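Results of the structural survey
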Amino acid sequence: MAPTQQQTKQAKAKLLSGGKPPKARVTRYLKRHSEPLLEENAKSALLLRGIRCNDAMNTVLKDLRSTKAPYSKLLTKNNIIVPFGDFEGQQSLEFLTTKNDCSLFAMASHNKKRPNNLTVGRMFDRRILDVAELGIVRYKSLKDYGGVPKKRVGSKPMMLFVGDRWDIDPNYGRLQNLLIDFHRGDAVKKIVLSGVDHVIVFTMVEDPDRVNDDAVWNNPIIHQRTYYCKLKKNPTGGRTPVPYLTPSGPDMDFTLRRTEFATPEVWEVANRQPTTNKTKKVKNRKTNMFGETVGRLHLERQDIDNMGGKKSKALRKVDKDEKEREKQEMEGELGKEMGEISAEFKQAYGFAKEQ
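The numbering scheme is per chain: residues are counted from 1 as the chain's sequence reads. Residues qualify for local features only when their pLDDT is at least 70, as the model is predicted, and side-chain atom pairs are given and counted only at 80 or more; totals for whole chains, interfaces and linings, by contrast, use all residues. Side-chain numbers here rest on the full set of heavy atoms in the structure, without hydrogens or water.

1. Describing the overall build of the protein
The helix and strand tally for the protein stands at nine helices and twelve strands. Classification of the 355 residues of the protein by burial places 28% in the buried group. Between two residues, a contact is recorded if the distance between any of their heavy atoms is within 4.5 Å. Taking the contacts inside the protein whose residues are at least 6 apart along the sequence as the reference set, 66% of them involve residues at least 24 apart. Residue-level accessible areas treat just the shown protein chains as cover; the underlying method is Shrake-Rupley with a 1.4 Å probe. Put simply, the protein shows about 25,900 Å² of open surface, and 53% of that area lies on carbon and sulfur atoms. Runs of E in the DSSP output that reach at least two residues are strands. Runs of H or I that reach at least four are helices, and both are numbered from the N terminus. Remark: exposure states derive from per-residue accessible area (1.4 Å probe, protein chains only) relative to the maximum for the residue type, with buried under 20%, exposed over 50%, and partly exposed in between.

2. What about unusual backbone geometry?
Following Ala-69, the chain continues into Pro-70 via a peptide bond in cis, with omega recorded as 5°. Within the element layout of this structure, Pro-70 appears in the loop between α3 (55-68) and β2 (72-78). That bond from Gly-249 to Pro-250 is cis: its omega, 0°, falls within 30 degrees of zero. Among the structural elements, Pro-250 can be located in the loop between β9 (242-247) and β10 (251-260). In this structure, Asn-116 takes a positive phi of about 50° despite not being glycine.

3. Details of the environment of Val-120
Counting through the fold element by element, Val-120 comes out in strand β4 (residues 117-124). Here Val-120 falls in the buried class, since its relative accessible area comes to 8%. In this view, Val-120 contacts Phe-105, Ala-106, Asp-130, Val-131, Ala-132, Leu-134 and Leu-178; residues no more than four positions away in its chain are not counted.

4. Structural notes on the packing of aromatic side chains
Between 30 and 60 degrees the pair is tilted, below 30 it is stacked and above 60 it is edge-to-face, where a pair is any two Phe, Tyr or Trp rings, Trp via its six-membered ring, whose centres lie within 6.5 Å. Counted according to the given criterion, the structure contains three aromatic pairs. With centroids separated by 6.2 Å and ring planes inclined at 85°, the aromatic side chains of Trp-166 and Tyr-172 adopt a geometry described as edge-to-face. Looking at Trp-166, the relative accessible area reads 2%, which means it is buried. Classification of Tyr-172 by relative accessible area gives buried; the value is 2%. Joined through ring pairs, the aromatic side chains of Phe-161, Trp-166, Tyr-172 and Phe-202 make up one cluster. When the ring centre of Phe-182 is taken as origin, the NZ or CZ atom of Lys-68, which lies over that ring, is 5.4 Å away. Only when the NZ atom of a Lys or the CZ atom of an Arg is both within 6 Å of the ring centre and within 35 degrees of the ring normal do we say a charge sits over the ring.

5. So, a negative patch on the surface
Taken together, the side chains of Asp-321, Glu-322, Glu-324, Glu-326, Glu-329, Glu-333, Glu-337, Glu-340 and Glu-344 make up a negatively charged region of the molecular surface. Relative to the helices and strands, Glu-333 resides in helix α9 (residues 313-349). For Glu-333, a relative accessible area of 55% translates into the label exposed. Patch definition: residues above 30% relative accessible area lacking any salt bridge, with like charges linked at up to 9 Å and the nonpolar side chains Val, Leu, Ile, Met, Phe, Trp and Tyr linked at up to 5 Å. Between Lys or Arg on one side and Asp or Glu on the other, a salt bridge is scored when a side-chain nitrogen of the former is within 4 Å of a carboxyl oxygen of the latter. Counted charges follow a simple rule, with Lys and Arg positive, Asp and Glu negative, and His plus the chain ends left uncounted. Lys charges are placed at NZ, Arg charges at CZ, Asp charges at CG and Glu charges at CD.

6. Things to note about helix α6 (residues 170-183)
For an α-helix, the turn length of 3.6 residues means that residues three or four places apart are oriented alike. Expected helix span is given by 1.5 Å per residue-to-residue step, counting one fewer step than there are residues. Between the first and last C-alpha of α6 there are 20 Å, a value that for 14 residues agrees with the 20 Å anticipated at 1.5 Å per step. Within the sequence span of α6, burial applies to Tyr-172, Arg-174, Leu-175, Gln-176, Leu-178, Leu-179, Asp-181, Phe-182 and His-183. Definition of a polar contact: a pair of N or O atoms within 3.5 Å, with one able to donate and the other able to accept a hydrogen when the atoms are protein atoms, and with sequence-neighbouring residues admitted only if both atoms are side-chain atoms. Put simply, Asp-169 is the residue that caps the front of α6, since its side-chain oxygen is 3.0 Å from the backbone nitrogen of Asn-171. One or two residues past the end of α6 sits Gly-185, with phi positive at roughly 80°.

7. Looking at the side chain of Glu-133
If you trace the backbone, Glu-133 turns up in strand β5 (residues 127-140). A distance of 2.8 Å separates the side chain of Glu-133 from the side chain of Asn-117, its partner in a polar contact. When near neighbours in sequence (up to four residues on either side) are disregarded, Glu-133 contacts Phe-84, Arg-114, Asn-117, Leu-118, Thr-119, Thr-255, Leu-256, Arg-257 and Arg-258.

8. Considering the pattern of salt bridges
In total, this model carries 13 salt bridges according to the counting rule given. The partner of Glu-94 in a salt bridge is Arg-127, with the nearest N and O atoms 3.3 Å apart. Residue Glu-94 is found in helix α4 (residues 87-99), and its partner Arg-127 is found in strand β5; the two are separated by 33 residues along the sequence. For Arg-127, a relative accessible area of 53% translates into the label exposed.

9. Concerning the nonpolar core
With 30 residues, the main nonpolar core has Leu-118, Trp-166, Leu-175, Phe-202 and Ile-222 as its most contacted residues. Of all the secondary structure elements, the ones that give two or more residues to this core are β1 (45-49), α3, β3 (104-109), β4, β5, α6, β7 (198-205) and β10. Element by element, the count of residues in this core is highest for α6, at five residues. If near-sequence neighbours (up to four positions away) are discounted, Phe-202 is found in contact with Met-159, Leu-160, Phe-161, Val-162, Trp-166, Leu-179, His-183, Ile-222, His-223, Gln-224 and Phe-254. Definition used in this section: a nonpolar core is a set of buried Ala, Val, Leu, Ile, Met, Phe, Trp, Tyr and Cys residues joined via side-chain atoms within 4.5 Å. Leu-48, Phe-84, Met-107 and Met-123 belong to the second largest nonpolar core, which has twelve residues in total.

10. Considerations on the pairing of β2
By the convention used here, strands pair only if DSSP detects at least 2 bridges between them. By the bridge criterion, four bridges tie β1 to β2 in an arrangement that is parallel. Across the sheet, the residue bridging to Ala-45 is Ser-72, located in β2.

11. Quick word on the confidence of the model for the protein
In the predicted model, the protein carries a mean pLDDT of 83, and the fraction of residues at 70 or more is 83%. Scored between 0 and 100, pLDDT is the confidence that the predictor attaches to each residue. When the elements of the protein are averaged for pLDDT, helix α7 (residues 214-217) gives the smallest value, 44, and β3 the largest, 94. Scored below 50 in pLDDT, residues 211-217 shows six contacts in the model against residues more than four places distant or in partner chains.

Listed below in structure tokens is the structure:
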């Protein structure tokens, strides 16, 4: 039986104070839950409130808990945490995420300077890796889509990012990576077609009226739309089903306000993969565009003419006849040459050569 939370806290306190080491089962439990894994589990998200949080942002957190379930945990109390430029606030976030065993977090807040503020981020080695601050312009919750089918619990979404700036701007490229990491759920090797039941689309739109304004140019509006996907029989008779999309929410329009992404050195360490997970490259084998495995064999040059093999009775008879015919032809040519030599000898010496 696993130890309780109180036993875990006491064991950590004893270990830090240099007292008696904990029991063996407590040590195994702490080791299993603290050491890194070769194949990480699904990332859980910690949802919490900031210093001030209005009802609209509370609704955003509740909908995030519903869409991230069962990998989410919602804290209902306000927290005096400032994630940007405050070392104590970052320490508080690191403590809460470590305590609740969450590697993702989302904090909602609201004030006069930054209304409807949503801060999302992720952790690495119990430290804050990336933080992005989003300003919500418009929000449509799950309750506004009453009677519409929703995603199943634990299902993985299909994600689509529309806009050239996702690939051009490095900040938006890192934000795209953060959003994928936040919504992807379990890391699986194969996907069942019937389990794909919702699509999340992020569309980046520039303001055409104020395109010369640097403030607006650097902060385009991102439209997030969620659709329920239902697979139906292909009307044309094909084997591949046809998806039908129905808006199911939540929908959100937001802009990117502040960011604090990891340095290139820390990012490189965070992306490092263990050598045991790398698959050994197989030489002379590749997969074509149709998914077929194509191999190449390297062999020595074969002498097909002198290669022996099993022959049928008819082929053996044909070979015997050919050998006899070649022998007769050779004897005929030899006799002809001997006759020519005898004629030349008689002409030269006046008598025939004795045989």
